[in-house]
Amino acid sequence: MRFVKTLPLLLSLSAALGSACAWALPSDRDQPIRVQADSAELDDKQGVAVYRGDVIITQGTLKITGDTVTITQNAQGDIEIFTSVGKPAYYEQKPAADKQIVKAYGLTIQYFAASERIVLIDQAKVIQEGNTFEGEKIVYDTQRQIVNAGRATGTKVSTPRPRIDMVIQPKNKPADQQAQ
């Protein structure tokens, strides 16, 4: 394990976190990234960084927590997968100045940087503007803003949920439309 060459890994982490643009304030990507953990293991040769013990990662309005966070890079030094594991792992970010913070939970949260996709596995839950979305597995494509939810096939889940559960809040209508 070498600590001398960790700068490229940290810079790649910055680029990966900054690219979660659909759930992010535009200014988030310009903010510094702060990683707090009880311990860190950085393997430059393998392109893997593992942070353990009450891990908290912040950048602007972005916050990710977990018991263990693993970051993997490809041969070019770009972040491929960012995985947070916890009981539960947690993700939050403010999508726009006039929007409420989006909150996401799962025993495992994976962020695929190249495709800008977030996967919540086992006890998955997303809360956005009072609406909730729960299931075994939730996949959110941040580029296209598409959510898919369902069974976590091929994955052992602690709390099986054969069906998804959504709660959608009614839209507020202007007073003059309600009177008609």
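Since this is a predicted model, take the numbers as computed values, not measurements. (Residues numbered from 1 in each chain as written. Predicted model: local features only at pLDDT ≥ 70, side-chain atom pairs only at ≥ 80, totals over all residues. Heavy atoms only, no water.)

Draft legend 1. Broad picture of the layout of surface pockets. Computed from the structure, the largest pocket encloses a volume of approximately 240 Å³. Surrounding the largest pocket, 11 residues form its lining, Val 126, Gln 128, Asn 131, Phe 133 and Val 147 being those nearest its centre. Going through the elements one at a time, strand E7 (117-128) and strand E8 (131-141) are the ones with two or more residues in the lining of the largest pocket. Taken together, the residues of the lining of the largest pocket break down into 8 nonpolar, 3 polar and no charged. Taken as a whole, the second largest pocket holds about 210 Å³ of empty space. Considering the residues around the second largest pocket, the lining is formed by Lys 99, Gln 128, Glu 129, Asn 131, Gln 169, Pro 170, Lys 171 and Asn 172. Grouping the constituent residues of the lining of the second largest pocket by class yields 1 nonpolar, 4 polar and 3 charged. (1 Å grid on protein atoms, 1.4 Å probe; cavity = no way out; pocket = protein on both sides within 12 Å on 5 of 7 lines; lining within 4 Å. Points joined across faces, edges and corners; volume = space filled by probe spheres on them. Helix = DSSP H or I, 4+ residues; strand = E, 2+ residues; numbered from the N terminus. Nonpolar A, V, L, I, M, F, W, Y, C, P; charged D, E, K, R; others polar.)

Draft legend 2. A look at the pairing of E8. Counting buried positions along E8 gives 9 out of 11 residues, so the element sits mostly inside the fold. Across 10 bridges, E7 lies against E8 in antiparallel orientation. When the sheet's bridge partners are listed, Val 126 is paired in E8 with Phe 133. Between E7 and E8, which pair antiparallel one after the other, the connecting turn spans 2 residues, and Glu 129 there sits at a positive phi close to 50°. Sheet topology note: the E8/strand E10 (residues 165-167) ladder contains 3 bridges and is antiparallel. (Buried < 20%, exposed > 50% of the residue type's maximum accessible area, 1.4 Å probe, protein only. Pairing = 2+ DSSP bridges.)

Draft legend 3. Summary view of the pattern of salt bridges. This model, assessed by the stated rule, comprises 2 salt bridges. With its nearest N and O atoms 3.8 Å apart, the salt bridge here joins Arg 52 to Glu 41. Taken together, the positions of Arg 52 in strand E3 (residues 48-59) and Glu 41 in strand E2 (residues 39-43) put the pair 11 residues apart, joining distant regions of the chain. Taking the relative accessible area as the measure of exposure, Glu 41 reaches 42% and is therefore partly exposed. Across the pair Lys 99 and Glu 129 runs a salt bridge whose closest N-O atoms are separated by 3.9 Å. With Lys 99 in the loop between strand E5 (79-93) and strand E6 (102-112) and Glu 129 in the loop between E7 and E8, this residue pair connects regions lying 30 residues apart in the sequence. Judged by relative accessible area, Glu 129 falls into the partly exposed class, the value being 34%. (Salt bridge = Lys/Arg side-chain N within 4 Å of Asp/Glu carboxyl O.)

Draft legend 4. Highlighting the environment of Val 69. Structurally, Val 69 is set in strand E4 (residues 62-73). Of the residues examined, Val 69 reaches a relative accessible area of 0% and is grouped as buried. Sequence separation between Val 69 and Thr 83 is 14 residues, and the spatial gap between their C-alpha atoms is 5.5 Å. When near neighbours in sequence (up to four residues on either side) are disregarded, Val 69 contacts Ala 49, Val 50, Tyr 51, Val 55, Ile 57, Phe 82, Thr 83 and Ser 84. (Contact = heavy atoms within 4.5 Å.)

Draft legend 5. Broad picture of the nonpolar core. The biggest cluster of nonpolar side chains holds 24 residues, and the ones touching the most others in it are Ile 71, Phe 82, Tyr 91, Leu 120 and Val 126. At the level of elements, E3, E4, E5, E6, E7 and E8 are the ones that each hand at least two residues to this core. Core analysis: the second largest hydrophobic core is formed by 6 residues, Val 119, Ile 121, Ala 152 and Val 157 among them. (Core = buried A, V, L, I, M, F, W, Y, C linked by side-chain atoms within 4.5 Å.)

Draft legend 6. Fine view of the confidence of the model for the protein. Per-residue confidence for the protein gives a mean pLDDT of 79, with 78% of residues at or over 70. Predicted confidence in the protein is weakest over helix H1 (residues 6-18), with a mean pLDDT of 39, and strongest over E2, with 94. For residues 1-23, every residue scores under 50 in pLDDT, and the model assigns this stretch 57 contacts once sequence neighbours within four places are set aside. (pLDDT = per-residue confidence, 0-100.)

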